[in-house]
Each structure stands twice: as structure tokens, then as C-alpha cells.
There are 2 protein chains.
Amino acid sequence: MQDNNHLSNEEVLTLGKYDLIAELSKGFHVENGSTVVGIGDDAAVTAPASENVASASRLFMENVHFDLTYVPLRHLGYKVAAITFSDLLAMNAVPTQLSVNMAISNRFDMKAVQELLDGVATCCENVHADVVGLDLMTSRRDLIISVSANGECEPALLTKRAGASENELLCVSGDFAAAYAGLLLLEREKKVFEVNPDVQPDFTGKDYLLSRQLRPEPRLDIVEALRREELVPTAMVNVADGLAAAMMQICRASQKGAVLFEERIPMTELTFNTLKSLDIVHTVAALNGGDDYELMFTVKQADFEKIKNVPNVSIVGYIKEKEYGCQLITSDNHQIEVKAQGFSKMRAHE
Amino acid sequence: MQDNNHLSNEEVLTLGKYDLIAELSKGFHVENGSTVVGIGDDAAVTAPASENVASASRLFMENVHFDLTYVPLRHLGYKVAAITFSDLLAMNAVPTQLSVNMAISNRFDMKAVQELLDGVATCCENVHADVVGLDLMTSRRDLIISVSANGECEPALLTKRAGASENELLCVSGDFAAAYAGLLLLEREKKVFEVNPDVQPDFTGKDYLLSRQLRPEPRLDIVEALRREELVPTAMVNVADGLAAAMMQICRASQKGAVLFEERIPMTELTFNTLKSLDIVHTVAALNGGDDYELMFTVKQADFEKIKNVPNVSIVGYIKEKEYGCQLITSDNHQIEVKAQGFSKMRAHE
């Protein structure tokens, strides 16, 4: 978005809703060749370049999904777009368009709305997607953001959660628990601030953890690298709620089991040390922490040489028969059943 | 959705979120041939049969967009789907897929969620669209529903708000102000109920008005009839906020003016008499009442014979030069400038 496009609140008062949306949309540029109709009509229209279209939508609510005490609006805009794109990338699709609807209470001025949209626009630019929909409405109190996005995917590249077979390699992009460590730091400083508002938070040396929490990156680079290597994963999932849930999602959909090696879980030294200083078991944080938005996927053993050429990917385990379940092998060689919030025990009829 | 698929609250407590979504999704059947991946993966995937894909998304908030005091959840589910489909139909696109995300507070039990989803499913079945996405999350208080939908459209049929030319006929589907009259009745009975909860509301003979407010129908029949007549409108808009806003949306996008004849505005006798009994000027209700979800569109004069073959369509005016603005010609032959909430005065740079 352009920076010279700031509306004063006075201007906003003289504008109707349709004019306001038109003003806020001025900074959005249609750059993706597949966009036919963008903001300003009843619906967006695209001419997808691929045979398949992937669609993802997410709903984000203040004080449930984000806390504006410490989340800058620009980062929040970036994050909600990144998370929605991550869902498309997990299908091995490439994001092309995004729409955003926001319900805003009178706590927010137009500068705030524009900062949030700047963040959305920056994330879209980074993955070469267009903002094609924008609507604003009144909220009684909380800020509510709804994001939907489309992406392109050829049928031969489409990767579902189902599709993993026994002995295939279990891979992940990036590193884990950094976003969770960042969240813990932010929550700790919030508590300090609530007691004494004069204390300035000290995040020296923790930038990486904060950025992983506040401004996660959609892993388009991984999907592009896989395409360069002509490597199509057999199954893939967005790691949104920790490694445990992701692993169980692939296993359940594929009707398989899997083994995960604790010592193979990628984690930065900074994350490890920060979690240690906070008395958090680092592997628990990686398994259940969440907000990583990395990709977990499975590849055939025959693709071992190819996967080595994809940067920022680690092999963390492999697929087993269904009856094995999901197991963690700890660094001291113990076997522990992997559990995740949101999953009940497998039931009889499954 | 199947009716034999009711979860008790006890069952819900023993289910994780992923199981719960799986249970609630059991009643959704994939029937549209273009659906490749439905609920249960990171994103939905479709193989559109048309070159263009239309995408619409809407955010609905309790006590802003709906009042659960008098809106049955099944009707609410139907309505949020119908409204979102209306946005696609207004592009001359045919709905194919829909996703719904809901934030629910602990005021709601699972039966309530299932009723709402039953309504969504019924509306989808009526337009032969599939429910391909479902997510549930916690809300602190209000029910919040986010709906996004995709539809198919060939480029030659695509109809934007822009495209109307001078002397073209201004047409609308259905009749107007019935939904607004229904809203006024419901609001009146709510006030009576608040004073005396023992009074039963009396809506005898008002069924049509209530159904237009509570359970609007997406006008797929109009889009299909236009296709049968091989008639492509030059411009089209979803009449969501009254005739005035719709007219101004077409005129502004097309850089044209328009004239609307009061006596041509279609309205049932029931609507007219009910508004009269409520001391509401019926034309004001049609212009600014909202919630009609009818289509307004323009056709070439040469298509006059064809448009007569499309059922439930009225010619209400015609397109004029931009300088004329948007004018209403009243039944007693006065000319009044049409104004709509959400629009400011046209500004110098337009």
C-alpha cells in the first residue's frame, strides 16, 4: 500500500461506507494475472491458470486469537493473511487472491484500519497475491477479521492430508516452538506492564522469537522449492497447532501411524535457551505450542536425494502402520504416545 | 443435513474439536461435480467447469446483523448462505461451493450449532452447491458467522456493476420492502414481548413478510432464466441495502445516471398495507429498507422482448447520462434525487 494515502478521521466522517472502502482500497494493486474483478463489485472474479482452485477461510477474533495489548496492527494484518495462505500452501497450492472483511468498534480510528490493511497488503505482495475483496462493518467491541483466499494448483501437484504410506519420510519446514516462546515473552511483559506501566519491556536478542509470533511467514519458498525439485509430497499439513496435531492429522487422514524423533525436531538455540529460562520443556512446546505455520509433509524414500536439495527442510521421522499410532522417540530412547488438543481417543468405528 | 445426526452435549464434551467438526460435517454431501476436496483438509479444492471463478465472502455478527431473540437458527443458517450466494448471482455466476466459520459462546449447545448448519446445508442444496469448509471456535459472547462462497461463470456471461449504457432498461427481480416490513413486525413484537412475556406474537397473514426477512431466497432462478433466454445483462448488482443504493452502485460503476419510476416499483399488496398500517412511506421502504436480496440489472432496449420472457422481472426505469444523476419520478410526476446511506456526495475528482 502507498504510504501517502492516510485518511484523517475528519475525512472519514464526511465519507460514506462505499467511499471509505474505495479510499482504503486505493493502495491495493492488481498484479496477479488471474485477477479479473477486484474490490468494488458484488464478488471478486478470477481466471485461474490451473485446473484446480484451493480455497481457505479463517476467522480471527480479538482476545481469542490475538491480543492488541502487544500485537501491532500492521503485524496482525500480515499474520492473518500469512495464516490463511499457509492453509493453501499446505495443499501444495500457490496463493493468488485474498479477501478481508473486518468488524471494527469505535475504539479504532482510520489510521489503525489502514495500518492493518497495510500489513495484509504487504503479505499479499510477498506471495504475489491480490487483495480482491474488502468490507468493513461495525462491531460492538472486539475487532473481528475474516480472511478468505484462493490459490492455484494443478491436479498432479495437489497434496492432501491423506496419502502417506508406510516407510515414507516425515518432513517439516523451518524450526519449531519459536513462536510459542515469543508468545510467552510477550505475555510475561504484559503482566509486568499491567503492574507497572513505566517499565519498558526488554526483548534484547529475542527479535527472532517475537517475529515468529507476531509476523509468521507463509512458506511459499518451500512449495516453490518442491516444484523446482519436481518433488510432490504424498501428504501435507499446515503446522498451526504444534507438531503433535499436525502429525495426527496426517496419520488420521492417511489411516497410518508415525514415529517422530525428539532429537530431530529443528529448534534454534535461542528458542531452546529461552524456553529453558522459562521452565518450559522444549519438546512439549514444539509438540503443542502452536503458531509455527510451518509445513509438515511426507515423501517417498526414493525422494531422499531430492528432499536434501530443498532448503530449510528436516526429516523428523517416518510413517508406520496404523496400529503403531503416533509415537515420539525421546533423546534417551523412550517411546511416548503423541497426544494433541482437539483430538479425542480414536473410537471403535474408525 | 440428516436429521438423525444429533449430538448430545455429553457427546460433545468427550469429543475433541476435530472430531466435533467431523461429526457436524457428516450430514454434508458432496454433490457438485466440481468439488475435489471438501471439509477436513487444510483448504477446499475445486475443479471449476468454467473459465472464471467468482468469490464472495460475508461476515455476520449477532446484534449487528441479526437478533437471536426472533431469528430461528435454522433460518439464520439459510439466510447467511443465501446472502453470500446473492453476491455471486449478481456477477451472473452460479454458486458451487461454500465454507462457513463460526465463533460460538457457551450460550449455545450442539443442537443449536447443528440447526444453524442444517439451514446452511438446505440453502446449499437448493442451489446445488457443496459445503466444503467448516471451522468452529470460541467467542466470548456474540455469535459470529463468516461465510465464503465460490461460483462458476463463463467470461461471456460475467456481469459487473459497470457496463450500463444510456437508454438501457433498468430491471429488478421480485418485489420490494417485504423483508423490511417483516423486520418492523418482528421488532414491534419483540418490544411487546419485553414488556409482557406472556403475550404471544400474532403474525396471522404476515407469513410472506416474515419469510422474506428471515429466509430470503437466492435468485438462482433469475440467473438461470436469463441464460435460457441467452440474455446477458449489461450491469448487475445484488439489492442488499434497498433500491437506492443498488441504483447508485450501478450508476457510479458505469459512470451513468438513471431514472426510477415510483409506480413501477414491484410491491405486494400485503407489503403496501402493512407499511401503511405502520405509518411508513412504502416507497421510502423500497428505496432504503434493505434485506431484499433481489437482483437489479440493465439490459439493452433490443432485449425488451427477451426480458418479457423472464418470470418475476420488472422494468422499473432506464439509464440516463451521468449528469442526470439518480432520480425518482413519483406517481404524481415529481422528480426527487435518489440518495442512499453509505454514499457521500459525488466529489470533484470523480
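My aim in this report is to walk through the structure given alongside it, one point at a time. (Residues numbered from 1 in each chain as written. Chains lettered and ligands numbered in written order. Predicted model: local features only at pLDDT ≥ 70, side-chain atom pairs only at ≥ 80, totals over all residues. Heavy atoms only, no water.)

Concerning the pairing of strand β3 (residues 52-61) of chain A
All names here are of chain A.
Stage number 1. Of all 10 residues making up β3, 10 are buried, and the element is well covered by its neighbours.
Stage number 2. Residue alternation in β3 divides its side chains into two sets, Asn52, Ala54, Ala56, Arg58 and Phe60 and Val53, Ser55, Ser57, Leu59 and Met61, and both sets are buried.
Stage number 3. One ladder, built from 10 bridges, connects β3 with strand β6 (residues 144-153); its direction is antiparallel. When the bridges of β6 are listed, Asn52 appears paired with Cys153. (Buried < 20%, exposed > 50% of the residue type's maximum accessible area, 1.4 Å probe, protein only. Helix = DSSP H or I, 4+ residues; strand = E, 2+ residues; numbered from the N terminus. Pairing = 2+ DSSP bridges.)

Observations regarding the side chain of A:Thr271
Residues and elements named next belong to chain A.
Stage number 1. Tracing the backbone through its elements, the reader meets Thr271 in helix α9 (residues 269-277).
Stage number 2. Classification of Thr271 by relative accessible area gives buried; the value is 0%.
Stage number 3. Among the polar contacts listed, one links the side chain of Thr271 to the side chain of Thr268, at a separation of 2.7 Å.
Stage number 4. Apart from the residues lying within four places of it in its own chain, the contact partners of Thr271 are Phe176, Ala177, Ala178, Ala181 and Leu209. (Polar contact = N/O pair within 3.5 Å; in protein donor to acceptor, adjacent residues only side chain to side chain. Contact = heavy atoms within 4.5 Å.)

Overview of the interface of chain B and chain A
Stage number 1. The interface of chain B with chain A comprises 66 residues on the first partner and 67 residues on the second.
Stage number 2. Here chain B packs against chain A, burying approximately 5,100 Å² in sum over the two surfaces, 50% of which is carbon and sulfur.
Stage number 3. The largest per-residue losses of area from chain B upon contact with chain A belong to B:Tyr18, B:Asp42 and B:Arg140, which jointly make up 15% of the total buried on that side.
Stage number 4. Taken together, chain B and chain A are joined by 8 salt bridges.
Stage number 5. In this structure, A:Arg161 and B:Asp41 form a salt bridge, with 3.7 Å as the shortest nitrogen-oxygen distance.
Stage number 6. Run the count over chain B and chain A and you get 23 residue pairs in polar contact (both at pLDDT 80 or more).
Stage number 7. Here the element with the most residues in the side of chain B that touches chain A is strand β3 (residues 52-61) of chain B; it accounts for 9 residues.
Stage number 8. Taken together, the residues of the side of chain B that touches chain A break down into 27 nonpolar, 22 polar and 17 charged.
Stage number 9. In this structure, strand β2 (residues 44-46) of chain A lies alongside β3(B), joined through 3 bridges in antiparallel fashion. Looking at β3(B), one finds that A:Ala44 is bridged to B:Ser55. (Buried area = accessible area lost by both parts, 1.4 Å probe. Salt bridge = Lys/Arg side-chain N within 4 Å of Asp/Glu carboxyl O. Nonpolar A, V, L, I, M, F, W, Y, C, P; charged D, E, K, R; others polar.)

A look at helix α6 (residues 207-214) of chain B
Stage number 1. Those residues of α6(B) that sit buried are B:Leu209, B:Leu210, B:Arg212, B:Gln213 and B:Leu214.
Stage number 2. Lining the buried residues of α6(B) we find α3 (73-89), α5 (178-195), α9 (269-277) and β10 (294-299) of chain B.

Considerations on the sheet that holds strand β13 (residues 335-337) of chain B
All names here are of chain B.
Stage number 1. Across the sheet, which stays open at both edges, the 7 strands sit in the order β8-β10-β7-β11-β9-β12-β13 with mixed pairing between neighbours. Across the chains shown, the open sheet's two edge strands, defined by having one partner strand only, are β8 (235-239) and β13. For this sheet, the mean inter-axis angle between neighbouring strands, taken without regard to orientation, is 25°.
Stage number 2. The sheet contact formed by strand β7 (residues 169-173) and strand β11 (residues 313-320) spans 5 bridges and is antiparallel. Counterpart to Leu170 in the pairing with β11 is Gly317.
Stage number 3. Against the sheet, α3 touches β8 and β10, its axis set at about 170° to β8.
Stage number 4. Of the strands in this sheet, β7, β10 and β11 are in contact with helix α7 (residues 220-228), which crosses β10 at around 25°. (Axes fitted to C-alpha atoms, helices over the stretch in contact; angles between N-to-C directions.)

Considerations on the packing of aromatic side chains
Stage number 1. A full pass over the atoms with the stated rule returns 2 aromatic pairs over all chains.
Stage number 2. Residues B:Phe261 and B:Tyr318 carry aromatic rings whose centres are separated by 6.2 Å and whose planes lie at 40° to one another, so their mutual orientation is tilted. Linking B:Phe261 in strand β9 (residues 257-261) with B:Tyr318 in strand β11, this pair joins segments that are 57 residues apart in sequence.
Stage number 3. Looking at A:Lys320, its charged tip hangs above the ring of A:Tyr324, at a distance of 4.5 Å from the centre.
Stage number 4. B:Arg215 extends its terminal NZ or CZ atom over the ring of B:Tyr78, reaching a point 3.8 Å from the ring centre. (Phe/Tyr/Trp six-rings, centres within 6.5 Å; stacked < 30°, edge-to-face > 60°. Lys NZ or Arg CZ within 6 Å of the ring centre and 35° of its normal.)

A short note on the pattern of salt bridges
Side chains that differ in charge, positive against negative, can pair when their charged atoms come close.
Stage number 1. Throughout the structure, instances matching the rule amount to 38 salt bridges over all chains.
Stage number 2. In this structure, the salt-bridge partner of A:Arg212 is A:Asp175, at a minimum N-O distance of 3.5 Å. Taken together, the positions of A:Arg212 in helix α6 (residues 207-214) and A:Asp175 in the loop between β7 (169-173) and α5 (178-195) put the pair 37 residues apart, joining distant regions of the chain.
Stage number 3. Looking at A:Arg212, the relative accessible area reads 10%, which means it is buried.
Stage number 4. With a closest N to O distance of 2.5 Å, B:Asp67 and B:Lys190 form a salt bridge.

Purely spatial values, then, with no claim about function.
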